[in-house]
Amino acid sequence: MCNQMVRLPSKLKPPKPKTLISLPTTLASQTQKSPYHTFSISLLQTHKLFSHFTQILSHAITSGYFTNPYISSQLLHHCLSNPDFPLTFSHTLFTQIPNPNVFSWNFLLRAYSHSSFPQEAISLYNQMMQKSVILDNFTFPFVLKACSRLISFHKGLEVHCVSLKLGFEFDVFVQNSLIYMYFQCGVVEFAQKVFDFIPDSVRDVVTWNSMISGYLQGGCCHHAVKVFGKLLRESDVRLNDVSIVSALTACARTELLDVGKKIHGLIVVYGLVMDVFLGSSLVDMYTKCGYLEDAKTVFDRLLDRNAVCWTSMIAGYLKCDMCKEAIELFREMLVAGVKAEPATIACVVSACGHSGALDLGRWVHNYSERNGIEMNLIVKNSVIDMYSKCGLVDKALKVFHSLTNKDVYSWSMMISGLAMNARSDDALELFSLMEGSGEVSPNVVTFLGILSACNHGGFVDEGFYYFEKMTRRYKLSPGIEHYGCLVDLLGRANLLVEAMDLIGSMPIQPDAVIWRSLLFACSRYGNVELAEVAAKKINELEPDKCGAYVLLSNAYASASRWKDVKMVRRNMGAEGIQKQPGYSFTEIDGLVHEFLVADRTHCQIDIICDTLLAMNVVLKSRAPELVFLDFLH
């Protein structure tokens, strides 16, 4: 039918071209060319002249050309390609086609499968089945896409059966769509069966990538790495950037550094261009594996760095507690003219909170608002945490109360922020408000903040009450940190025997932190016997660290056992253990300065020392019985 010329009745002959003032000139010569050629050229012109489309459509309807399946499908296709026309208009146009061919159905299926109404694609598919429309290999991917978005496993399984019945079991487009659909519906074993059924000669790079990314999105990162290895060993398919990026992401999440390095070598062997996608994936892999030097090497060699690359490197510094480096890199990012993203802001604000850089944290907060960066919940939670750690708990509360949809981390961070700022009563009151709101249920992080509040407030009975509520009412399993809070709580209250009994009854093996909490309390209250037990346990767990020796020495000193103090110090020297120097941070004009004990590397150290000496003179004149800052002499 598509090769026949449509003859129009005389009464339906198209009007003369002069009556169509702005109609494309190709229609004026339609008597000299076939109608298919005429409308194809005219519709191509509508990509530049959208105003002509409605005139061409009207002409096709009044002239009778619209009844031709080829012309009507072309009109529908260009209507769907034009963002000025709503999808409902295209659907209405489709319903006016007398006998739509499979191309028209597929055009509308594709539009709906990618729209906000994927269920309409399922409805169209059902109509095709009712009307016995002959389906092709383009129909199934669009329907399966809609099933994936709707997480409709049973409908997807039905479509799978139809595709097998019609002989598409070896069609790579259909099979790839089935793999994707089953992964999206969470039925991993079905996706694997589809993949195994496809002959290796049929599989293409999309097939392999669907398997790798499917396992990756499902949290099965080790399986994703195995599929990638199988691709390299058993298939002749040439991998692409998507394959490598997915494999690197899996290595980053599982911290498989050796595999990640081999993939880096593949990038060099294959001669792939180190673009921002590969570069940021490599940086992310190295940082999450703790190899910041390798990550920085890759980062520095990238010619084009987008916000994702910068954020990956900043997040790597933050993970390794290198907050100063993270902040400095953020400054370089702004100088380079790269606009930050919400993930960048969250990382930098967290770095400011950890290092106490309040002024810079405020500036970053204002920068986000000025530049229209989305202040999503993750960013606002980071802002709450930053203000709390920098001592502005009221500012943190203001941000917290401005949240419309608080999640469990919002509540937990605010409770912990109140606890660390010695507002234990407010923290417990906020927890009661959280329980009463019914918005979210507390988790182990929430109760860690509650126990910390009881710890700082000295609320022994309340601490054990909330610990019991955590385990019995909310069925949460306490971790080593929760037991550590209880031990510290008992130690601060001079209930050392009770703290020792708690450690002995723990279902978890106590770590050095718990023993150190007990040892600190023993040194504070002069309980030498328990201090010696705790110090012995710490030395077994951390033989190369000085903490146990220093605290045990303090315990002996508090009991006036000076010979034992000298013996501990002598043993430290004999075993080559040196006390780790303390350090502090201070922020001036947005810059964070770090100082170690007896550190003279700062460029203004002489001025700083002179100022401290002058302060020392003033303090000694007001309190002669005290001696300050003798280490400066």
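Residues numbered from 1 in each chain as written. Predicted model: local features only at pLDDT ≥ 70, side-chain atom pairs only at ≥ 80, totals over all residues. Heavy atoms only, no water.

Colleague: I tried to follow the overall build of the chain on my own but got confused; where do I start?
Modeller: Each helix and strand counted, the chain has 33 helices and 2 strands in total. Relative to its full complement of 633 residues, the chain shows a buried share of 47%. When contacts within the chain are restricted to residue pairs at least 6 apart in sequence, those whose partners lie at least 24 apart make up 60%. By element, 56% of the accessible surface of the chain is carried by carbon and sulfur atoms, the whole surface being about 33000 Å². (Helix = DSSP H or I, 4+ residues; strand = E, 2+ residues; numbered from the N terminus. Buried < 20%, exposed > 50% of the residue type's maximum accessible area, 1.4 Å probe, protein only. Contact = heavy atoms within 4.5 Å. Areas by Shrake-Rupley, 256 points an atom, 1.4 Å probe, with all protein chains shown as cover.)

Colleague: Sorry, what's going on with the packing of aromatic side chains here?
Modeller: Each aromatic ring pair is characterised by the separation of its centres together with the angle its planes make. Evaluation of the coordinates by the stated rule reveals 18 aromatic pairs. Judged by centre distance (5.2 Å) and plane angle (70°), the rings of F183 and Y215 are edge-to-face. Of this pair, F183 sits in helix α9 (residues 172-184) while Y215 is found in helix α11 (residues 205-217), placing the two residues 32 residues apart along the sequence. Given the relative accessible area of 7%, Y215 is considered buried. (Phe/Tyr/Trp six-rings, centres within 6.5 Å; stacked < 30°, edge-to-face > 60°.)

Colleague: Please clarify how a negative patch on the surface should be interpreted in this entry.
Modeller: A surface patch of like charges, here negative, comprises D425, E429, D461 and E462. Elements with a contribution of two residues or more to the negative patch: α24 (424-437) and α26 (460-472). For E429, a relative accessible area of 56% puts it in the exposed group. (Patch = residues over 30% accessible without salt bridge, like charges linked within 9 Å, V, L, I, M, F, W, Y side chains within 5 Å. Salt bridge = Lys/Arg side-chain N within 4 Å of Asp/Glu carboxyl O. Lys, Arg positive; Asp, Glu negative; His and termini not counted. Charge placed at Lys NZ, Arg CZ, Asp CG, Glu CD.)

Colleague: Would you explain the confidence of the model for the chain in this entry?
Modeller: Interpretation of the predicted coordinates at a detailed level should be avoided for regions scoring low in pLDDT. Looking at the chain as a whole, the pLDDT averages 83, with 83% of positions reaching at least 70. Predicted confidence is poor over residues 1-33, with pLDDT under 50, and the contacts of this stretch with residues over four places away or in other chains come to 45 contacts. Considering only residues more than four positions removed or in separate chains, one finds that residues 626-633, a stretch of pLDDT under 50, has 11 contacts. (pLDDT = per-residue confidence, 0-100.)

Colleague: Explain the packing of helix α19 (residues 342-355) against helix α20 (residues 358-370) here, please?
Modeller: Each pair of packed helices can be summarised by the angle the axes make with each other and by the distance between the axes. In contact at an axis separation of 9 Å, α19 and α20 are set at 160° when each is read in the N-to-C sense. Considering their axes alone, α19 and α20 lie roughly antiparallel with respect to each other. Considering only the axes of α19 and α20, their crossing is left-handed. For the pair α19 and α20, contact is made by I345, V348, V349 and C352 and by L360, G361, V364, Y367 and S368, respectively. Looking at side-chain class alone, the contact of α19 with α20 contains 7 nonpolar, 2 polar and no charged residues. (Axes fitted to C-alpha atoms, helices over the stretch in contact; angles between N-to-C directions. Parallel < 35°, antiparallel > 145°, perpendicular 65-115°, else oblique. Left-handed = near helix turned anticlockwise from the far one by under 90°. Nonpolar A, V, L, I, M, F, W, Y, C, P; charged D, E, K, R; others polar.)

Colleague: In this structure, what is going on with a nonpolar patch on the surface? I would like to understand it.
Modeller: Together, Y409, V444 and V445 make up a nonpolar patch on the protein surface, roughly 240 Å² of accessible area in all. One can find V445 in helix α25 (residues 444-457).

Colleague: How should I be thinking about helix α18 (residues 323-335) in this particular structure?
Modeller: Residues lying three or four places apart along an α-helix face the same way, a consequence of the helix completing one turn every 3.6 residues. Between its terminal C-alpha atoms α18 stretches 19 Å, which fits the 18 Å expected from 13 residues at 1.5 Å a residue. Restricting attention to buried positions, one finds in α18 the residues C323, A326, I327, L329, F330 and M333. End-on view of α18: buried residues confined to an arc of 160°, all on one side of the axis. Backbone geometry just downstream of α18 places G337 in the positive-phi region, at approximately 80°. (Expected span 1.5 Å × (residues − 1). Arc of directions from axis to C-beta.)

Colleague: Mind showing me how you'd approach the side chain of S148 here?
Modeller: In this structure, S148 sits in helix α7 (residues 139-150). Judged by relative accessible area, which is 2%, S148 ranks as buried. If we skip the residues at most four places from it in the chain, S148 touches Y180, M181 and Q184.

Colleague: Quick question: what am I supposed to make of the pattern of salt bridges here?
Modeller: Opposite charge on two side chains permits pairing when their charged atoms draw close. A full pass over the atoms with the stated rule returns 13 salt bridges. The salt bridge involving R423 is made with D394; its shortest N-O contact spans 2.9 Å. You can see R423 sitting in the loop between α23 (408-420) and α24 and its partner D394 sitting in helix α22 (residues 393-401), a full 29 residues away along the chain. Taking the relative accessible area as the measure of exposure, R423 reaches 25% and is therefore partly exposed. Take D394: its relative accessible area is 52%, and that puts it in the exposed class. Here E435 and R473 are joined by a salt bridge, their closest N and O atoms 3.6 Å apart. You can see E435 sitting in helix α24 and its partner R473 sitting in the loop between α26 and α27 (480-492), a full 38 residues away along the chain. What makes E435 partly exposed here is its relative accessible area of 23%. Looking at R473, the relative accessible area reads 53%, which means it is exposed. Salt bridges linked by common partners bring D394, R423 and D426 together as one network.

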